[in-house]
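For reference, the chains in residue letters:
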Amino acid sequence: MREQKIRYADAGMDIKKLVLCFAKRIWLAAAAGAAGAVIGGLVYLMVSVVPEAEREYQAISKVYLDFAPDETGEIYQAYNGYTWNDLMATDPILDVTMKYLPETYSREDVMGATKAEILSDLRLLTITVTTHDAGRCEQILQAAGQSLVERGNTAREFRRIEVIQTTGAKPVVADARWIQAITAGAVLAAVLTLLGMFLCYVLDDRIMVASDLRQVTDAVFVGYSGAGERLEKDYEANLDWLRKKKGKIAVLSLRQKEAVGEQQWQQMCEADGVVLLASYKEVHAVYLNYVIEQLAVRECPLVAAGIVNADGRFLSRYYGGASR
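Here the structure is a predicted model, which is why all the values come from computation and not from measurement.

**Student:** Help me understand the overall build of the chain in this model?
**Tutor:** Looking only at helices and strands, the chain features 14 helices and nine strands. Accessible area of the chain: about 18,700 Å², with a carbon and sulfur share of 55%.

**Student:** Could you clarify how one ought to interpret the sheet that holds strand 7 (residues 249-254) in this entry?
**Tutor:** Note on sheets: strands pair through backbone hydrogen bonds, and any given pair is parallel or antiparallel. An order of 6-9-8-7 is seen for the four strands of this open sheet, with the pairing classed as parallel. Strands with a single pairing partner mark the edges of an open sheet, and in this sheet they are strand 6 (220-225) and strand 7. For this sheet, the mean angle separating the axes of adjacent strands, direction not counted, is 20°. Pairing of strand 6 with strand 9 (residues 302-308), which is carried by five bridges, proceeds in the parallel orientation.

**Student:** What should I look at first to understand the packing of helix 6 (residues 91-99) against helix 8 (residues 134-154) in this one?
**Tutor:** Orientation of helix 6 relative to helix 8, taken along the N-to-C sense of each, is 130°, at an axis distance of 8 Å. Of the possible angle classes, the one that applies to helix 6 and helix 8 is oblique. Regarding helix 6 and helix 8, the two cross each other, and that crossing is right-handed. Within the contact between the two elements, helix 6 uses Pro 92, Ile 93, Val 96, Thr 97 and Lys 99 and helix 8 uses Ala 143, Ala 144, Ser 147, Leu 148, Glu 150 and Arg 151. A class-by-class count of the residues in the contact of helix 6 with helix 8 yields six nonpolar, two polar and three charged.

**Student:** Looking at this model, I keep getting lost on the nonpolar core. Mind explaining?
**Tutor:** Nonpolar side chains tend toward joint burial in soluble globular proteins. Tyr 224, Met 268, Leu 276, Leu 288 and Phe 314 are the most contacted members of the largest nonpolar core, which has 42 residues in total. In terms of residue count, helix 13 (residues 285-297) provides more of this core than any other element does, six residues in total. Grouped together as the second largest cluster of nonpolar side chains are 29 residues, Tyr 57, Val 63, Ala 113 and Leu 148 included.

**Student:** What am I meant to see in the packing of aromatic side chains here?
**Tutor:** The way to describe two aromatic rings as a pair is by their centre distance and the angle between their planes. This structure, assessed with the given rule, holds eight aromatic pairs. Considering the side-chain rings of Phe 221 and Tyr 224, the 4.9 Å spacing of their centres and the 70° angle between planes classify their relative orientation as edge-to-face. With a centroid separation of 6.0 Å and an interplanar angle of 70°, the aromatic rings of Tyr 224 and Tyr 319 are classed as edge-to-face. Separated by 95 residues along the polypeptide, Tyr 224 in strand 6 and Tyr 319 in the segment after helix 14 (312-318) bring together distant segments of the chain.

**Student:** Sorry if this is basic, but what is going on with unusual backbone geometry here?
**Tutor:** Glycine aside, the phi torsion of most residues is negative, and most peptide linkages are trans. Positive phi outside glycine occurs at Glu 299, with the angle close to 60°. Within the element layout of this structure, Glu 299 appears in the loop between helix 13 and strand 9. Relative accessible area serves as the criterion here: at 68%, Glu 299 is assigned to the exposed category. In this structure, Asn 309 takes a positive phi of about 55° despite not being glycine. Mapped onto the elements, Asn 309 comes out in the loop between strand 9 and helix 14.

**Student:** Whenever I open this one, the packing of helix 2 (residues 15-24) against helix 9 (residues 178-203) confuses me. Can you help?
**Tutor:** To describe two helices that pack against each other, one gives the angle between their axes and the distance between the axes. The interhelical angle for the contact between helix 2 and helix 9, taken along N-to-C directions, is 130°, at an axis separation of 11 Å. Considered as vectors, helix 2 and helix 9 are oriented oblique to each other. In this structure, helix 2 meets helix 9 at a crossing whose hand is right-handed. Packed against helix 2, whose contacting residues are Lys 17, Leu 18, Cys 21 and Phe 22, the element helix 9 presents Leu 194, Met 197, Phe 198 and Tyr 201 at the interface. Broken down by class, the residue content of the contact of helix 2 with helix 9 amounts to seven nonpolar, no polar and one charged.

**Student:** Is there a simple way to think about the pairing of strand 1 (residues 57-67) in this case?
**Tutor:** Note on strand geometry: in a regular strand, side chains alternate between the two faces of the sheet. Pairing geometry for strand 1 and strand 3 (residues 124-131), over eight bridges, is antiparallel. Bridge pairing links Lys 62 to Thr 126 in strand 3. Sheet topology note: the strand 1/strand 5 (residues 170-171) ladder contains two bridges and is antiparallel. Pairing of Gln 58 across the sheet is with Lys 170, part of strand 5. As defined by bridge partners, strand 1 adjoins strand 4 (residues 158-166) across seven bridges and the pair is classed as antiparallel. Along strand 4, the bridge assignment pairs Leu 65 with Ile 161.

**Student:** Is there a simple way to explain helix 11 (residues 229-246) in this structure?
**Tutor:** In an α-helix, one full turn covers 3.6 residues, which means residues spaced three or four apart are oriented alike. With 18 residues, helix 11 extends 26 Å from end C-alpha to end C-alpha; this agrees with the ideal 26 Å at 1.5 Å per step. Looking only at helix 11, the buried set comprises Leu 231, Tyr 235, Leu 239 and Leu 242. Seen along its axis, helix 11 keeps its buried residues to an arc of 75°; they face one direction. Along helix 11, the residues that are exposed and aim more than 90 degrees away from the buried face are Glu 229, Lys 233 and Lys 244. Where helix 11 is buried, its residues meet strand 6, strand 7, strand 8 (273-279), strand 9 and helix 14. Residue Gly 247 follows helix 11 closely and has a positive phi angle near 105°.

Cut-offs used in this document
Residues numbered from 1 in each chain as written. Predicted model: local features only at pLDDT ≥ 70, side-chain atom pairs only at ≥ 80, totals over all residues. Heavy atoms only, no water. Helix = DSSP H or I, 4+ residues; strand = E, 2+ residues; numbered from the N terminus. Areas by Shrake-Rupley, 256 points an atom, 1.4 Å probe, with all protein chains shown as cover. Pairing = 2+ DSSP bridges. Axes fitted to C-alpha atoms, helices over the stretch in contact; angles between N-to-C directions. Parallel < 35°, antiparallel > 145°, perpendicular 65-115°, else oblique. Left-handed = near helix turned anticlockwise from the far one by under 90°. Contact = heavy atoms within 4.5 Å. Nonpolar A, V, L, I, M, F, W, Y, C, P; charged D, E, K, R; others polar. Core = buried A, V, L, I, M, F, W, Y, C linked by side-chain atoms within 4.5 Å. Buried < 20%, exposed > 50% of the residue type's maximum accessible area, 1.4 Å probe, protein only. Phe/Tyr/Trp six-rings, centres within 6.5 Å; stacked < 30°, edge-to-face > 60°. Expected span 1.5 Å × (residues − 1). Arc of directions from axis to C-beta.

The following block contains the structure:
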């Protein structure tokens, strides 16, 4: 009798069986992807909708700077895009700005809310005020503009400073990233589902094809029963050949939820050989190995193994139609 041993680690993975099992359930990944896309969109919606207390408003003014004549160009270099932000926070300008605001405003609030920058033309200054209140936003912007106009009237570097355009306070709109959120949700859900399916496949040791039996036993494979006329003929022919060669053969059809009776054990021990048949997609490899070990203890010679109640359609795809 051949030595029987369980060999999960050495058997490797049946890639074709894996692909066929996945193909049958690929709709789960598609459904999970669709659900993930919906969840991703909802999460983005909840994150992007800012509560009223935290919502920001922004108002912008365009200010024209009419510089006094300067052949050296020093004035233009002094008032550039890198220094205007600092200039707006200096006392000569900030003091005037605070003069046009109610006493409830602090200098720190005004400095933190105001941004001044030269975007392209050195003569065109952009003032941006951002706060959590539309009214305060417009008040600070107006006060900043008035302080700059006064600066243009008093500083020798300017002929004049004029506010040429002002926009009212508007809510700051977050970047619209619906596509990214939906795509990320769909991909993440689909990948996690596929990983879960793969894990289930790895942990699923139910007997489906001959390679599953080879993980447990070295006994020859007698064939499939109940999977179509051609496979049934091969199975019957192999049994007949074993009976002619071995003599008296005991056939045990093994089911996961049915224990082997003592009478069956006696018949197998009295036979010249035992053919162990596992019910398709019902008997687990670990249980099959347990029964084989029991056969070894009782010195019942296992000569072959097979699969009964097999799925003919699955086997037809597995063997490329050769089972039909």
